[in-house]
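An overview of the molecular structure
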Amino acid sequence: MKKNIIISMSAALLALAMPSCKKDFLDQKNPNAIALSEALKTPSDVLSAVNGIYQSLRNSNNIGENSGLWTDERSDDTGRNDNQSNAGEPFQFNDFSLLPSNTYLKSHWVSLYGTIARANVVLSNIDNVTFTDANQKQQYIAEAKFLRAVMYFHLVRMWGDVPLVTKQLTYTELPANTFREKQATVYGQIVADLKDALNSTLPDLQSGSGLGRASKAAINATLGQVYLTMATTQDQSKRTENLNNAKTYLLAAYNVRKFGALSSIPYTDVFDVSKKSTCPEIIWQIVNKQGDPVYSSSIAANNQAKGETINSLVTSSGVGGNVTRDLIVEYEQGDPRMAFSVKFANDPIVKDYFITKYRDTSPTASNLGYGGNDWILIRYADVILMLAEVSNYLGDTGSAISYLDMVRTRAGMPTYAVSLTNPAYAAKYTDLRMAILHERRVELAFEHHRWFDLLRTFTTDELVNYFKGKSQSNFGIAKLANFSSKDRYFPIPFDEYKLNPEKMYQNPGYQ
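Residues numbered from 1 in each chain as written. Predicted model: local features only at pLDDT ≥ 70, side-chain atom pairs only at ≥ 80, totals over all residues. Heavy atoms only, no water.

1. Structural notes on helix α12 (residues 380–393)
Here α12 contains 14 residues, and its C-alpha end-to-end distance of 20 Å stays within 8% of the 20 Å for a straight helix at 1.5 Å per residue. Burial analysis of α12 places 13 of its 14 residues in the buried class, which makes it a mostly covered element. Once α12 finishes, G395 follows within two positions and takes phi at roughly 85 degrees, a positive value. (Helix = DSSP H or I, 4+ residues; strand = E, 2+ residues; numbered from the N terminus. Expected span 1.5 Å × (residues − 1). Buried < 20%, exposed > 50% of the residue type's maximum accessible area, 1.4 Å probe, protein only.)

2. Quick notes on the layout of surface pockets
What the largest pocket holds in volume is close to 840 Å³. Lining of the largest pocket is provided by 32 residues; of these, E73, R80, N303, G320 and G321 occupy positions nearest its centre. Where the lining of the largest pocket is concerned, the elements lending two or more residues are α9 (299–303) and β5 (352–355). Classifying every residue of the lining of the largest pocket gives eleven nonpolar, 15 polar and six charged. (1 Å grid on protein atoms, 1.4 Å probe; cavity = no way out; pocket = protein on both sides within 12 Å on 5 of 7 lines; lining within 4 Å. Points joined across faces, edges and corners; volume = space filled by probe spheres on them. Nonpolar A, V, L, I, M, F, W, Y, C, P; charged D, E, K, R; others polar.)

3. Topic: the side chain of H108
Following the sequence through the fold, H108 ends up in helix α4 (residues 103–125). When near neighbours in sequence (up to four residues on either side) are disregarded, H108 contacts N61, N62, W70, M158 and W159. (Contact = heavy atoms within 4.5 Å.)

4. Description of the pattern of salt bridges
With the rule as written, the count across this model stands at 39 salt bridges. Of the charged contacts, one joins E447 and R379 as a salt bridge, the two residues approaching to 2.8 Å between their closest N and O atoms. Placement of the pair is E447 in the loop between α16 (432–443) and α17 (450–457) and R379 in strand β6 (residues 375–379), with a sequence separation of 68 residues. Residue classification places R379 among the buried residues on the basis of a relative accessible area of 1%. (Salt bridge = Lys/Arg side-chain N within 4 Å of Asp/Glu carboxyl O.)

5. Side note on the side chain of D193
You can see D193 is positioned in helix α6 (residues 183–198). One polar contact links D193 to R148, side chain to side chain, over a distance of 2.8 Å. Once residues within four sequence positions are removed from consideration, D193 is found in contact with K145, R148 and A149. (Polar contact = N/O pair within 3.5 Å; in protein donor to acceptor, adjacent residues only side chain to side chain.)

6. A few points about the packing of aromatic side chains
The description of two aromatic rings rests on the distance between their centres and on the angle between their planes. All told, the structure shown has 25 aromatic pairs when counted by the stated rule. Taking the centre distance of 6.1 Å and the plane angle of 80 degrees together, the rings of Y113 and Y152 count as edge-to-face. In this pair, Y113 sits in helix α4 while Y152 sits in helix α5 (residues 134–159), placing the two residues 39 residues apart along the sequence. Here Y113 and Y152 have matching classes, each one buried. When the ring of F344 is compared with that of Y353, the centres are 5.3 Å apart and the planes differ by 75 degrees; the resulting orientation is edge-to-face. (Phe/Tyr/Trp six-rings, centres within 6.5 Å; stacked < 30°, edge-to-face > 60°.)

7. Quick look at the pairing of β5
Side-chain positions along a regular strand alternate between the two faces of the sheet. With burial as the criterion, each face of β5 is covered, one bearing D352 and F354 and the other bearing Y353 and I355. When strand β4 (residues 342–345) meets β5, the two strands line up antiparallel, connected through four bridges. The residue bridging K343 from the neighbouring strand is F354, located in β5. Where β4 hands over to β5, the hairpin turn is made up of six residues, of which K351 adopts a positive phi near 50 degrees. (Pairing = 2+ DSSP bridges.)

8. Focus: the environment of Y393
Following the sequence through the fold, Y393 ends up in helix α12. Linking Y393 and L243, residues 150 residues apart in sequence, is a C-alpha distance of 7.7 Å. Look past the residues within four positions of Y393 in its chain and what remains in contact with it is L228, T232, R239, L243, R433, R456 and T457.

Everything listed here is a matter of coordinates, which is why it stays silent on function.
Spelled out as structure tokens, the structure:
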């Protein structure tokens, strides 16, 4: 058993080495290049280690552009009509037939904990380093805690109770830390980390060479979302308190924006590769380098369907980023976001919609698909719609509608009041809660928010009914009938469960 613990949990909870330092925090060498015993002696070493935390986000199994398998494909927005690809394991996510032995599931778990382990190395060793600038030390601590909090926020929403580790572990300490902690405790740590991160001299917003790093706007926005999630999914005796806290931190993020009305920023500018470093709507992103074989984006090329050229110079031979018809029918007539975000591919092997929201047809990206698209993690339309959500739950419908209309107006859509005079809109979005959920779906499509929005909006029973009420014909071969209360959470990966079936207990429905 001890041997199995080391093999399984070392990848998830241990970080025994950190990357070497580079001027550009994207350009990292092998993260196993320096043994921990030789690292973290100088502020430069700490910077290298912090850069290594950011670098881990770029892993295809983490939270970047390739994380749609664990988010959008789990929702009603995307999926795949091939249940044989890669032994059918990816298909299990949108077919709601996920097995604890799924290797993609395990890879995501390991990657998230790998980022946490890197953060823990920094936080466990930084006090041993002498800093001449106290603010610099506090900034590094803030960045590490912010990134650790983001990882735990993903974990707790996906799996519920999860192991909570906040220090660098040795092999001998692993068994004692191999147990699932209750969600309330995990959320408590997330909030504590984020509040600590705010107590620093990080800038309100990042720019220039700082793009991709933590800022107070990103921390406030995340903390607001955390409180909103707690208000809707956790202890309901604290609902109002959590909603008010969510409003406070979301407003703090909103109030440091460097633009006036959202409508001053064209929707297409947000995803324009040539404007990614200057668009004032973007709060936090994973930065990619156009033309670089290692640090470029592949999302434009990967999404492109056979016979199409809108996304990339790459010649595609497949179906690209598949879109469910359930999402297509969600768009209101004349919504320009649909024309920008999706397109119907008429090639005989496709005959379906594919994602066009991310494009890079520049010669620098080339026909190899080395795109320059940054992966946007937080932007202001997201914050504004969360403010609409919070305001509605607090009974302030006037403010909720005002926030909702900011997004609709920018998109060129009628205001909420005018839309209610449309019988089709009024019948489909029967209350303001559903109208906000709809707006988040079409505004933030393919940005990996949808699954978390559903979890936050519906109770487990409501979520089951919501999926059961959909049309099977809009989901291809993925079976809606498979959806049940078990799908509120992912199963604990089998390799983790078997370490200690009592303390790493399996989620209901996956035994």
